[in-house]
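Listed here are the chains, written in short residue letters.
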Number of protein chains: 2
Amino acid sequence: MAQPTVDNTRERILDQAERLFAAKGYEAVSIREITGAAESNLAAVNYHFGNKMNLYMDVFRERWLARTRRIRENFLNQLADIPEPTVSEVIGAMAREFLDGPLGDEERFRHVQLMQRELSHPGKALRMVVEEVMRPYNQQLIDLIRPNLPAATDEEHLRLCIISILGITLYFTFARPAVSMLMGHEYDEQFKTMLIEHITSFALKGLAALKEEN
Amino acid sequence: MAQPTVDNTRERILDQAERLFAAKGYEAVSIREITGAAESNLAAVNYHFGNKMNLYMDVFRERWLARTRRIRENFLNQLADIPEPTVSEVIGAMAREFLDGPLGDEERFRHVQLMQRELSHPGKALRMVVEEVMRPYNQQLIDLIRPNLPAATDEEHLRLCIISILGITLYFTFARPAVSMLMGHEYDEQFKTMLIEHITSFALKGLAALKEEN
DNA sequence: GTCTATAGCAGGATAGAC
DNA sequence: GTCTATCCTGCTATAGAC
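Residues numbered from 1 in each chain as written. Chains lettered and ligands numbered in written order. Predicted model: local features only at pLDDT ≥ 70, side-chain atom pairs only at ≥ 80, totals over all residues. Heavy atoms only, no water.

A.B. asks: Looking at this model, I keep getting lost on the protein's contact with DNA strand D. Mind explaining?
C.D. replies: Close to DNA strand D lie 15 residues, the nearest being Ile-31 and Arg-32 of chain A together with Thr-9, Asn-41 and His-48 of chain B. A share of 60% is what sugar and phosphate atoms reach among the atoms of DNA strand D within 4 Å of the protein. Residue Lys-52 of chain A places a main-chain N or O atom 3.1 Å away from a phosphate oxygen belonging to DNA strand D. For the surface near DNA strand D, the secondary-structure elements that each account for two or more residues are helix H2 (31-37) of chain A together with helix H3 (44-49) of chain B. When its residues are assigned to classes, the surface near DNA strand D shows six nonpolar, six polar and three charged. (Near = heavy atom within 4 Å. Polar contact = N/O pair within 3.5 Å; in protein donor to acceptor, adjacent residues only side chain to side chain. Helix = DSSP H or I, 4+ residues; strand = E, 2+ residues; numbered from the N terminus. Nonpolar A, V, L, I, M, F, W, Y, C, P; charged D, E, K, R; others polar.)

A.B. asks: Quick question: what am I supposed to make of helix H7 (residues 126-145) of chain B here?
C.D. replies: Given 3.6 residues per helical turn, the α-helix brings residues three or four places apart onto the same face. For H7 of chain B, which comprises 20 residues, the first-to-last C-alpha distance of 26 Å matches the rise-based estimate of 28 Å (1.5 Å per residue) to within 8%. Inspection of H7 of chain B places Leu-126, Met-128, Val-129, Val-130, Val-133, Met-134, Tyr-137, Asn-138, Leu-141, Ile-142 and Ile-145 of chain B among the buried residues, and these make up the whole buried set. (Expected span 1.5 Å × (residues − 1). Buried < 20%, exposed > 50% of the residue type's maximum accessible area, 1.4 Å probe, protein only.)

A.B. asks: Even after reading the chapter, I still don't get the relation of the copies chain B and chain A, so can you show me in this structure?
C.D. replies: The operation relating the two chain copies consists of a rotation about an axis and a shift along that axis. Overlay of chain B on chain A (RMSD 0.1 Å): rotation 180 degrees, translation along the axis 0.0 Å. As the rotation angle and translation indicate, the two copies are arranged about a two-fold axis. Mapped onto chain A, 100% of the interface residues of chain B again fall at the interface, so both copies present the same surface. (Least-squares fit on C-alpha atoms with pLDDT ≥ 70 in both. Contact = heavy atoms within 4.5 Å.)

A.B. asks: Is there a simple way to think about helix H9 (residues 176-183) of chain B in this case?
C.D. replies: Within H9 of chain B, six of the eight residues are buried, which leaves the element mostly enclosed by the surrounding structure. Phi turns positive, to about 70 degrees, at Gly-184 of chain B, one or two residues after H9 of chain B.

A.B. asks: Please clarify how the packing of helix H7 (residues 126-145) of chain A against helix H8 (residues 155-174) of chain A should be interpreted in this entry.
C.D. replies: Each pair of packed helices can be described by the angle between their axes along with the distance between the axes. All names here are of chain A. Running from amino to carboxyl end, H7 crosses H8 at an angle of 115 degrees, the nearest separation of the two axes being 10 Å. Here H7 lies roughly perpendicular to H8, going by the angle between them. Viewed along their axes, H7 and H8 form a crossing whose handedness is right-handed. Contacts between H7 and H8 involve Tyr-137, Asn-138, Leu-141, Ile-142 and Ile-145 from the first element and Glu-155, Leu-158, Arg-159, Ile-162, Ile-163 and Leu-166 from the second. (Axes fitted to C-alpha atoms, helices over the stretch in contact; angles between N-to-C directions. Parallel < 35°, antiparallel > 145°, perpendicular 65-115°, else oblique. Left-handed = near helix turned anticlockwise from the far one by under 90°.)

A.B. asks: Help me understand the interface of chain B and chain A, please; the structure alone is not making it clear to me.
C.D. replies: Buried accessible area, meaning the area lost when the parts come together, often serves as the stated size of an interface. Opposite the 51 residues of chain B that make contact, chain A presents 51 residues. Together chain B and chain A conceal approximately 4600 Å² of surface at their shared face, both sides included; 70% is due to carbon and sulfur atoms. The tally of links between chain B and chain A comes to zero salt bridges. Elements with a contribution of two residues or more to the side of chain B that touches chain A: helix H1 (8-24), helix H6 (105-120), H7, helix H8 (155-174), H9 and helix H10 (189-213) of chain B. The dominant element in the side of chain B that touches chain A, judged by the number of residues it contributes, is H8 of chain B, at 14 residues. The residue makeup of the side of chain B that touches chain A, split by class, is 29 nonpolar, twelve polar and ten charged. (Buried area = accessible area lost by both parts, 1.4 Å probe. Salt bridge = Lys/Arg side-chain N within 4 Å of Asp/Glu carboxyl O.)

A.B. asks: Please clarify how the packing of aromatic side chains should be interpreted in this entry.
C.D. replies: For any pair of aromatic rings, the description consists of the separation of the ring centres together with the inter-plane angle of the planes. All chains considered together, the criterion is met by 20 aromatic pairs over all chains. Note on Phe-60 of chain A and Trp-64 of chain A: the rings are 5.5 Å apart at their centroids and 50 degrees apart in plane angle, and the pair reads as tilted. Of this pair, Phe-60 of chain A and Trp-64 of chain A both sit in helix H4 (residues 52-80), four residues apart, roughly one helical turn. A relative accessible area of 0% places Phe-60 of chain A in the buried class. Taken together, a centroid distance of 6.4 Å and an interplanar angle of 70 degrees make the contact between Phe-98 of chain B and Tyr-137 of chain B edge-to-face. Separated by 39 residues along the polypeptide, Phe-98 of chain B in helix H5 (residues 87-100) and Tyr-137 of chain B in helix H7 bring together distant segments of the chain. The class for Tyr-137 of chain B is buried, based on a relative accessible area of 8%. Through pairs of rings, three or more aromatic residues link up here, namely Phe-21, Tyr-26, Tyr-56, Phe-60 and Trp-64 of chain A. Taking the ring centre of Tyr-26 of chain A as reference, the NZ or CZ of Lys-52 of chain A above it sits at 4.4 Å. (Phe/Tyr/Trp six-rings, centres within 6.5 Å; stacked < 30°, edge-to-face > 60°. Lys NZ or Arg CZ within 6 Å of the ring centre and 35° of its normal.)

A.B. asks: Looking at this model, I keep getting lost on the pattern of salt bridges. Mind explaining?
C.D. replies: For side chains bearing opposite charge, pairing can occur when the charged atoms are close. On inspection of all chains with the given rule, the structure shows 34 salt bridges over all chains. A salt bridge links Asp-105 of chain A to Arg-176 of chain A, with the shortest nitrogen-to-oxygen separation between them at 3.0 Å. Taken together, the residues Asp-105 of chain A in helix H6 (residues 105-120) and Arg-176 of chain A in helix H9 (residues 176-183) connect sequence positions 71 residues apart. Of the residues examined, Asp-105 of chain A reaches a relative accessible area of 30% and is grouped as partly exposed. Of the residues examined, Arg-176 of chain A reaches a relative accessible area of 16% and is grouped as buried. Residues Arg-63 of chain B and Glu-11 of chain B are paired through a salt bridge, measuring 2.3 Å at the closest nitrogen-oxygen approach. Of the two residues, Arg-63 of chain B sits in helix H4 (residues 52-80) while Glu-11 of chain B sits in helix H1, which places them 52 residues apart along the sequence. On the accessibility criterion, Arg-63 of chain B (19% relative accessible area) is buried. Salt bridges linked by common partners bring Glu-18, Arg-67, Arg-70, Glu-106, Glu-107 and Arg-110 of chain A together as one network.

Dropping the structure here:
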């Protein structure tokens, strides 16, 4: 049987590259390790991607970016049934997305770690992460929340709040090993549910500070 | 003049190593780059530290750990004059410590980046960071804040709040490049003051959620 | 498109003179 | 304690057979 064989090697390499880059960082991973894990030939990376940095960027362009779209769609689907979502519902949906969403646990962790590396240690993909993903996502959250806030709410403070809420959520994701040690919990279903509730109520109150300023 | 010459080379290497590890990460920095910046000989690292990983750990043990002590002392000094500090004063002092404290701007950034790398990508220093620094610091914040909360406040929720508050503060520090892009501000004095106020009021309200649960 | 083979170089580590 | 010189491993990248 002739397989419909679309460039399977390329895909396998992208998969393993993403996994390893997320886990160890760009410099700590060798092409040999990637092609080994992908069960392909050492030379395949250069054939398909030209060089290592290009592979890294293609991981962002073809995998990471596509996944943010899936996450965003799912987030919007959660809210689609609700005509006028409350702030609590919006924040809750967002937190669930990052801590217990439709992605597998490993995939979600990988996704945030990859992003995290660019945020804290700017590389070639930072501009893409910020301009194509974070800015529009933040704006979307603002648009969803705004109707529930006083019309005079200061735009700049609101943006700081959104960044803070995302910051907490990301923090509970990528600092998972440290949080686990501090709290004495694995990230099982029970603990994740607790985290989502915590983030939602904490952030809801934090946003309330905006109301009192005006 | 005979200098009192304590092992100057060793200190210079530690300095440069810390700077470079924080900026680029362990794997991305070579011994050659470190000794070059420290204007010492290539072999000096192996002579003084044995190997590269040992140098990395000594950076944590001798520099990073010592700095956390300084930060903690300064934090306590800020509160020393106040007999019964309010939650707002405690959080404010903490946020100021990380965003605009007594350390130089570069040193503070370096400090948090180094920590951040271990939190998100566990290495050999994670246990030390968590057990010797984060856990006691968190506990100290709890002890300071507790008197202002209802006696029945759930310990676990309180700890989640503290982690969240520190998480936001760290996030605004290490994700500085991304935050700058999103907000369109450099981290000048004005912006830092704004951030400190934001964190304080946001966290204060978040903590208030605890009061209502009981 | 996949493989082997290898060029060419940078890295960590060490031996041994001073 | 500092330096030079060097070993050896492991890396990226590429050439060229299949």
